[in-house]
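# Notes for the structure review
Here is what each chain is made of, one letter per residue.
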Amino acid sequence: MSDTYASLTRRLAEADGEIARLVDEEGRRQHDKIRLIASENYVSQAVMEATGTLLTNKYSEGYAGKRYYEGQQIIDQIEELAAARARELFGVDHANVQPYSGSPANLAVYLAFASPGDTVMGMSLPMGGHLTHGWSVSATGKWFNTVHYGVRKDTGRVDFDEVAELARKERPKLIFCGGTAIPRTVDFAAFAEIAREVDAILVADIAHIAGLVAGGAHPSPVGHAEVISTTTHKTLRGPRGAMLMSTAERAKALDKAVFPGLQGGPHNHTTAAIAVALHEAATPDFSTYAAQIVTNAKSLAAAMIERGFDLVSGGTDNHLILADLTSKDIGGKPAAKALDRAGIELNFNTVPFDPRKPFDPSGLRIGTAAVTTRGMTETDMPAIAAWMDAAITAAREGREDALDAIAGEIRDFCAKYPIPGWGA
Ligand code: DSN
């Protein structure tokens, strides 16, 4: 354990050795592995410190200047600063920084602009959408009449003819674009044109790509989507939380839906950490990081293709790669488990038109944000692809010793890339 880390957790270790030990073990795990889960990252020490402040002690239901508890002199300033930084960074009229996470943020959008039974439209989950875009097992799918678009089988990209046709037929109140497993640029302008034609509100869920948008590595939805929803902890590299952004016209309904519609007191320690992350995201270094994420993803994709991996859509434009392992003769789940043992952490995922079940699908989802934060570059990506290929071959052949040997190599490799908050 590093000195910095030990001093930060000294009192925790004194008070609760068991939890301190587990936190430390998680630190080692995060340090020793190549982390490729597309929705994860490493936050800065500053973001971590803001998250661990005494702001967690305060209740502040309501909004700045209109709270239901006294003692908001400081909290109001923190929340206003976070919202102002979000408005400035993304160039939006309005930002609400209170949603607890992405799913509650999206629920607030439904509450603001639709009523139970209304029709809403989103990308289907197995095609790359999100549960809260109306998937059947989610409350959004149970309470609303949801219709879904997908991608074309031949290109792996959104089929805008299908989107337009479905929108004209179903006349949804809301159209969600964006998702959780989309390796290509989201064409916000094309979605906006369709939404305008059918008089729907376009909601851009940029949870995965918010850091790329902020850093100029992905087009912005501003000017196309009236409502923008995002988590703050993926490519944006903040604490676990979310934000809703919108045009001035949509602001009031969104705020009312978040509080008192859905939530109680905001998590003020998270709000402060969001403010810190947004401050970091406004720097030139962050734009360099955002561009490097994409460079790394393209390099990793190319190296994987060379090694015979089939990639949905044939590659990537952003931080995310979706591999279909059918040609590798192994399911996504056993492959992900073997890779984890070999020191590469990612998740199994459905691929479009997947013949297998969601809990045992054909694919792997891979993201390059966390390795980029650690300082890995495009020159490191071929080695990662080689380890992935070797681990998958070893898994298929049942050679567990080979997985352990790879894990050792990866531990040595990772030692060159310290992580914030842990390590020498
Ligand atoms: N957990 C998010 C992701 O991994 O993309 C979705 O909720």
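A brief structural summary. (Residues numbered from 1 in each chain as written. Predicted model: local features only at pLDDT ≥ 70, side-chain atom pairs only at ≥ 80, totals over all residues. Heavy atoms only, no water.)

Moving on: the side chain of H319. With respect to the element layout, H319 can be found in the loop between β11 (310-311) and β12 (320-324). Side-chain polar atoms of H319 contact the side chain of H208, separated by 3.0 Å. Aside from chain neighbours lying at most four places away, what touches H319 is A38, H208, I209, L212, T235, I293, A297, I366, G367 and T368. (Helix = DSSP H or I, 4+ residues; strand = E, 2+ residues; numbered from the N terminus. Polar contact = N/O pair within 3.5 Å; in protein donor to acceptor, adjacent residues only side chain to side chain. Contact = heavy atoms within 4.5 Å.)

Moving on to the sheet that holds strand β10 (residues 242-246). Across the sheet, which stays open at both edges, the 7 strands sit in the order β4-β10-β9-β8-β7-β5-β6 with mixed pairing between neighbours. The sheet is open, and its two borders are formed by β4 (94-96) and β6 (145-149), each paired with just one other strand. Between one strand axis and the next, the sheet turns through 20 degrees on average, direction left out of account. (Pairing = 2+ DSSP bridges. Axes fitted to C-alpha atoms, helices over the stretch in contact; angles between N-to-C directions.)

With that settled, consider a nonpolar patch on the surface. A contiguous nonpolar patch, built from L12, I19, L22 and V23 and spanning about 290 Å² of accessible area, is present on the exposed surface. Looking at the nonpolar patch element by element, the count peaks at 3 residues for helix α3 (residues 17-32). Among the secondary structure elements, L12 is positioned in helix α2 (residues 10-15). On the accessibility criterion, L12 (31% relative accessible area) is partly exposed. (Patch = residues over 30% accessible without salt bridge, like charges linked within 9 Å, V, L, I, M, F, W, Y side chains within 5 Å. Areas by Shrake-Rupley, 256 points an atom, 1.4 Å probe, with all protein chains shown as cover. Salt bridge = Lys/Arg side-chain N within 4 Å of Asp/Glu carboxyl O. Buried < 20%, exposed > 50% of the residue type's maximum accessible area, 1.4 Å probe, protein only.)

Our next topic: the site of the ligand. In the vicinity of the ligand, the residues found are S39, H130, T180, H208, K234 and R365. The side chain of S39 places a nitrogen or oxygen atom 2.7 Å from an oxygen atom of the ligand. In this structure, H130 approaches the ligand through a side-chain N or O atom, which is 2.8 Å from an oxygen atom. Summarising the interface, the protein chains cover 61% of the accessible area of the ligand, which totals 230 Å² for the free molecule. Of the residues assigned to the shell around the ligand, the class counts are no nonpolar, 4 polar and 2 charged. (Near = heavy atom within 4 Å. Nonpolar A, V, L, I, M, F, W, Y, C, P; charged D, E, K, R; others polar.)

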